[in-house]
Each structure stands twice: as C-alpha cells, then as structure tokens.
Amino acid sequence: MYYESLKSFPDDFLWGASTSAYQIEGAWDEDGKGPSVIDMAQHPEGVTDFKVASDHYHRYKEDVALLAEMGFKTYRFSIAWTRIYPKGTGEINPKGIEFYNNLIDELIAHDIEPLVTMYHFDLPYALQEKGGWSNRKTIDAFANYAKTLYENFGDRVKYWLTINEQNMMILHGDAIGTLDSNLENPEKELYQQNHHMMLAQAKAMILCHQILDGAKIGPAPNISAVYPATSKPEDVLAANNFNAIRNWLYLDMACFGRYNSVAWSYFEEKGYVPEIQEGDMEILADATARPDFIAFNYYSTATVEASRGNDDAKNSTGDQQIVIGEQGVYKGHTNQYLEKTEFGWEVDPVGFRVTLREIYSRYNLPLIVTENGLGAFDKLEEGDVVNDDYRIEYLKKHIKQCQLAITDGVELFGYCPWSAIDLVSTHQGSSKRYGFIYVNREEFDLKDLRRIKKKSFYWYKDVIASNGAIIVEDKN
C-alpha cells in the first residue's frame, strides 16, 4: 500500500535488543548452577561450547552500561532455569536469585525495562534424564519455576515471555540441540512434548495474572509469513498447510485456547495426535491463560510448493528454515526473488511487514519483535573498528517495514533485534556474530573478551535517540 506520509513510532516505543542466558552468560557451573541440556549436548566439530560464552555473568555491569549508552529502552534476556533450580525442582539456589536481582536492578538503575524470557532452549538436564518435556511432571516443574520468578522478580519485571521459539524446538530440535536422539517415533513424541509445553505455558500465564498486578505476559515463537511458490491453487494450499503447522498451531493455542483445525487434521492423518488427559483442555481454555501481547522472532519468510505424496518433499531453503517439507503436505522451495546472507538465509524485509500484518489481523494483540538480525563474520580492524555496514543496511530495511506496518494499523510497541552483544550462536559458534558490540574472542581462544563498539552501535544509538526518525522514509 502506498502512503503519502507514514505514522511515527509511538513515543513510548521500546527500542532494545535481545540475548539468551546460555549464549551470553558463561559461568556454566559457577555459584551452584546445574547443567542444562545445552551444557550436556554434543557440539559441532570446530565450534565452541557455551561454558564461557561472552562472560556476561562476570561483566554484566559493563554490558548494561553499554546498552544504556546506546539508549536502550528495554533489554530482552532469559533466565537460566538451572541457576534458579539446579535440578529443575527442589531447593532454590540463592546465588542464582542474587545474580538476576543484581542484573535487573542494574537495568532499572539505567532506565532500561527488563523483558524476561523464562525458558530459552535450556531445560535442566536433571529433568531431561527423567524424560524432559515428554514427562508430564515437567509441566508442574515449569509452573513452579515461573511462580518462583514472579515472587522474586515480579516487583520490578513487568514484561514476561514464556517459551522462546517453541515451534522451532518442535520442528527443528535436532539443529537447535534440544531433540532427544533416542526417541523411537520423534514426530509423535515431539507433538506430545508440544502439548505439555502448551500446558506449562498456560499455567505460567494463569499464575502471572493471579500473582502480579499489572504485569504482562506473552509467548515468543518464531513466526514468518509463508508464500506459495506460484499462484497454482495446489501451491497456495501447501502454503496454507505449512502456515498452520509452523505458525498458527502455536499462537492459536496461546490466544484462543484451542488447537488449530488444519494442524489437528494433520496430526490425525500422520498419527501425531497427542495424548490429552482429563482437564488439559480446560486449563488451555482458561480465560486467564490468554496472553497480553505477542512477542515473536523473525528472520525470514518461507516459500513452499505442493507435495503430492510421491516425491521427495524435503528441500533446504536456507539456514534459518534448515530443511523443510513433508510428503503430501508441503515441499520447501527457494524464493528466487530474495537475496541471501553468507549463511544462506533468505533476506525479506517486506515479508517482515507481511508477517506483522498477518499476526495482528489474526489475533488483534499488541506485538513486540524479540529477534531480528544478521549473522556475519565481522572483522576487527586496526584501531578497534568493526565496519558492519551490512548489518546497518539489514536492520534499516527491517525497521522501515516496522514503520510501514505501524502505518498499516499494526499495534507494535517494541523492537529488539538479535543480538545486543556478540554471543555464541546456537549451532555455529562465536564466529557467527550478531551484536552491536564486538566481543574479542574466537572459537577456542578467549583472548581478553574485551567489548568493542561496532559501527552499528553508533547507528542504532542514533535510531533510538530519534525514535526511528533517522530511518529514511520509503513510501513504497
């Protein structure tokens, strides 16, 4: 849609950026922290583990000061479940409570709103040994963990996120490192785990609304618009299938308290129907289990074509989507109209606007972007200079689309790209960098872990100071 003039970003717009505990904190076994599934996972050869990461655990004050210098209005971070409950349940670890109290207080002292993710892939390993998300006891363990967070931090934290990218854990758990390789029927078991996660999320939302007055809570899936490869009706139908399986299954449950009908039919056809116990659907349908907003991560769109059931439906569409497709349902397709990053991710800023519009028109809830960014092999040049113009260009194009979506009528209240500072990528190590701040380390050489401001640091500082006004208007 062409506009003569664009709406401005709201005056109270939450500009910030995001990280996760295991990718940034380090100190993986210090001060009573227990091991998570990430800590115990096998890491690709030539890629670092997460034991030190960016050493944020010991350097959080320096890091928060840098975020404040950029002008952050909010900072999205996750709490490591195993810092609070080393074994997932049982005794609370006071040192874990102390660390996050200190981090939250430091943020507030710099006028930065804490935006807290409860769970970002790092299930306590002690729970994994008991079946992980396949074990219904993990539902109540998560609810108890959420209650502990509310009781200890809820006086200062007003924005909560439940589970980061639940849909990616179900669809691509092998790439993320959260899939149990011993599962006999992985798809059926994963959708059973998904049902348990949805119950855990619902219980956490109910507790939040019961315990915290004025707090807001939402899910944080990875959502992307799905394009049909052509206008052929069968391709459009395939895109509709994948949209239901990839996106709406997760948000329909959170927002409407019910399973998406197309996704449920898919379960029935494929034999993936989860076991639902008495009382489950009542918990999921509870009015107080509804989110106050939707947070979502966006990196690219997906494109699919029809699969008749007698073809090899699997096809890679770039790193973010990994390999997608299922016989008789949809087949992954490369989008010839999109550029790709050096990691093979399709770059689609306009698709970002499409995604924003689709989510808002379907659910009519305020939105906040909790991940969006460009991974690259940044180079530290002489004089502590990192010229990441490619990152600036990427973010500029996506922020433009945010403004266009706001002009379209989308209620967008925040933008937190990935990532605030360099951290260890989930399956591609420390060489793949996303941050506004360079961390001076390599895969297996920690060097001095010095923080260095990239060119994008200064650019984003100006974006925030102008409330997005420096983004050159493009009315198309």
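Residues numbered from 1 in each chain as written. Predicted model: local features only at pLDDT ≥ 70, side-chain atom pairs only at ≥ 80, totals over all residues. Heavy atoms only, no water.

Quick notes on the side chain of S36
Counted only if it meets this: Strands are runs of DSSP state E lasting at least two residues, helices are runs of H or I lasting at least four, and both sets are numbered from the N terminus onward. The buried label goes to any residue with under 20% of its type's maximum accessible area, the exposed label to any with over 50%, and the partly exposed label to all in between, with areas taken from a 1.4 Å probe on protein chains only. Pairs of residues are marked as contacts when any of their non-hydrogen atoms sit within 4.5 Å.
Along the chain, S36 falls in the loop between α1 (21-24) and α2 (37-40). Judged by relative accessible area, S36 falls into the buried class, the value being 2%. Filtering out sequence-adjacent residues up to four positions away, S36 remains in contact with T82, D122, L123, P124 and Y125.

Quick word on the sheet that holds strand β1 (residues 14-18)
Rules: The criterion for strand pairing is that DSSP finds at least two bridges linking the strands in question. Angles run from 0 to 180 degrees between N-to-C directions of axes, and those axes are lines fitted to C-alpha atoms, restricted for helices to the stretch in contact.
Here eight strands make up an open sheet; going across it, the order is β5-β4-β3-β2-β1-β15-β14-β7 and the pairing parallel. Since the sheet does not close on itself, it has two edges, and those belong to β5 (216-220) and β7 (294-297), each with one partner. On average, each strand axis in the sheet is inclined to that of its neighbour by 25 degrees, with strand direction left out of account. Relative to strand β3 (residues 113-119), strand β2 (residues 74-78) runs parallel, the two being bridged by five bridges. For T74, the partnering residue across the bridge sits in β3 and is E113.

Quick notes on the packing of aromatic side chains
So the rule is basically this: Each aromatic pair joins two rings of Phe, Tyr and Trp (for Trp, the six-membered one) with centres within 6.5 Å, and gets the label stacked for planes under 30 degrees apart, edge-to-face for over 60, and tilted for any other angle. Our definition puts a charge over a ring when NZ of Lys or CZ of Arg is within 6 Å of the ring centre and also within 35 degrees of the ring normal.
A full pass over the atoms with the stated rule returns 41 aromatic pairs. When the centroid spacing of 5.0 Å and the interplanar angle of 75 degrees are considered together, the rings of Y22 and F50 count as edge-to-face. Of this pair, Y22 sits in helix α1 while F50 sits in the loop between α2 and α3 (56-70); the two residues are 28 residues apart in sequence, bridging distant segments of the chain. For the pair formed by Y22 and F50, the shared burial category is buried. Both rings, one in Y266 and one in F267, keep their centres 6.0 Å apart while their planes meet at 45 degrees; by these two values the pair is tilted. Judged by relative accessible area, Y266 falls into the buried class, the value being 9%. One aromatic cluster is present, built from ring pairs that chain together F9, F13, W15, F72, Y415, F436, W459 and Y460. A cation over an aromatic ring shows up here: K51 above the ring of W28, its NZ or CZ 4.7 Å from the ring centre.

Looking at helix α15 (residues 389-408)
Rule in force here: Take the residue count of a helix, subtract one, and multiply by 1.5 Å to get its expected span.
For α15, built from 20 residues, the straight-helix expectation of 28 Å at 1.5 Å per residue is met to within 8% by its first-to-last C-alpha distance of 29 Å. Immediately beyond the C-terminal end of α15, within one or two residues, lies G409, with a positive phi of roughly 110 degrees.

Digging into the packing of α15 against helix α16 (residues 455-465)
Applied cut-off: Angles below 35 degrees are treated as roughly parallel, those above 145 as roughly antiparallel, those between 65 and 115 as roughly perpendicular, and all remaining angles as oblique. A crossing counts as left-handed when the near helix is turned anticlockwise from the far one by less than a right angle, and as right-handed when that turn is clockwise. Classification convention: Asp, Glu, Lys, Arg as charged; Ala, Val, Leu, Ile, Met, Phe, Trp, Tyr, Cys, Pro as nonpolar; all other residues, Gly among them, as polar.
Between α15 and α16, the shortest axis-to-axis distance is 8 Å and the interhelical angle comes to 25 degrees. In terms of their interaxial angle, α15 and α16 are classed as roughly parallel. The element α15 and its partner α16 pack so that their crossing is right-handed. The segment α15 lies against α16, with D389, R391, I392, L395, K396 and I399 engaging K455, S456, W459, Y460 and V463. Here the contact of α15 with α16 is built from residues that sort into six nonpolar, one polar and four charged.

Examining the nonpolar core
So the rule is basically this: Put simply, buried Ala, Val, Leu, Ile, Met, Phe, Trp, Tyr and Cys residues joined by side-chain atoms within 4.5 Å make one nonpolar core.
Counting residues in each nonpolar core, the largest one holds 135 residues, and the members touching the most others are W160 and Y460. Broken down by element, this core gets its largest block of residues, 12 residues, from helix α10 (residues 186-211). Of all hydrophobic cores here, the second largest spans 10 residues; its members include L14, L115, Y159 and A295.

A word on the pairing of strand β15 (residues 412-415)
Judged from the two bridges that link them, β1 and β15 form a sheet pairing that is parallel. From the neighbouring strand, W15 faces β15, where its bridge partner is Y415. With three bridges joining them, strand β14 (residues 367-371) and β15 adopt parallel strand pairing. Directly across from I368, in β15, lies its bridge partner G414.

Things to note about the packing of helix α7 (residues 137-153) against α10
Closest axis-to-axis distance for the α7/α10 pair is 9 Å, and the angle between their directions is 30 degrees. By the angle between their axes, α7 is roughly parallel relative to α10. Our pair here, α7 against α10, has a crossing hand that is right-handed. The residues of α10 that touch α7, namely those facing I139, D140, F142, A143, A146, K147 and Y150, are H196, L199, A200, K203, A204, M205, L207, C208 and I211. In terms of residue class, the contact of α7 with α10 is built from 12 nonpolar, one polar and three charged.

Considering helix α14 (residues 349-363)
Taking 1.5 Å per residue, 15 residues should reach 21 Å; α14 reaches 22 Å between its end C-alpha atoms and fits that length. For α14, the set of buried residues is P349, G351, F352, R353, T355, L356, I359, Y360 and Y363. Remark: N364 follows α14 within two positions and exhibits a positive phi of approximately 55 degrees.

Focus on the pattern of salt bridges
Note the cut-off: Within this document, salt bridges are pairs made up of a side-chain nitrogen of Lys or Arg and a carboxyl oxygen of Asp or Glu, the two lying within 4 Å of each other.
In total, this model carries 26 salt bridges according to the counting rule given. We note a salt bridge from D388 to R391, for which the minimum N-O separation is 2.9 Å. As far as burial versus exposure is concerned, D388 and R391 are alike and both buried. A salt bridge links E442 to K447, with the shortest nitrogen-to-oxygen separation between them at 3.0 Å. Classification of E442 as partly exposed rests on a relative accessible area of 42%. With relative accessibility at 46%, the residue K447 sits in the partly exposed group.

Things to note about the side chain of S78
Our working rule: Distance and chemistry together define a polar contact, namely a pair of N or O atoms within 3.5 Å, with one atom able to donate a hydrogen and the other to accept it when in protein, and with adjacent residues in sequence counting only for side-chain atoms on both sides.
Checked against the element boundaries, S78 lands in strand β2. Among the polar contacts listed, one links the side chain of S78 to the backbone nitrogen of A21, at a separation of 2.7 Å. Residues within four places of S78 in sequence aside, it is in contact with T19, S20, A21, E25, Y100, T117 and H120.

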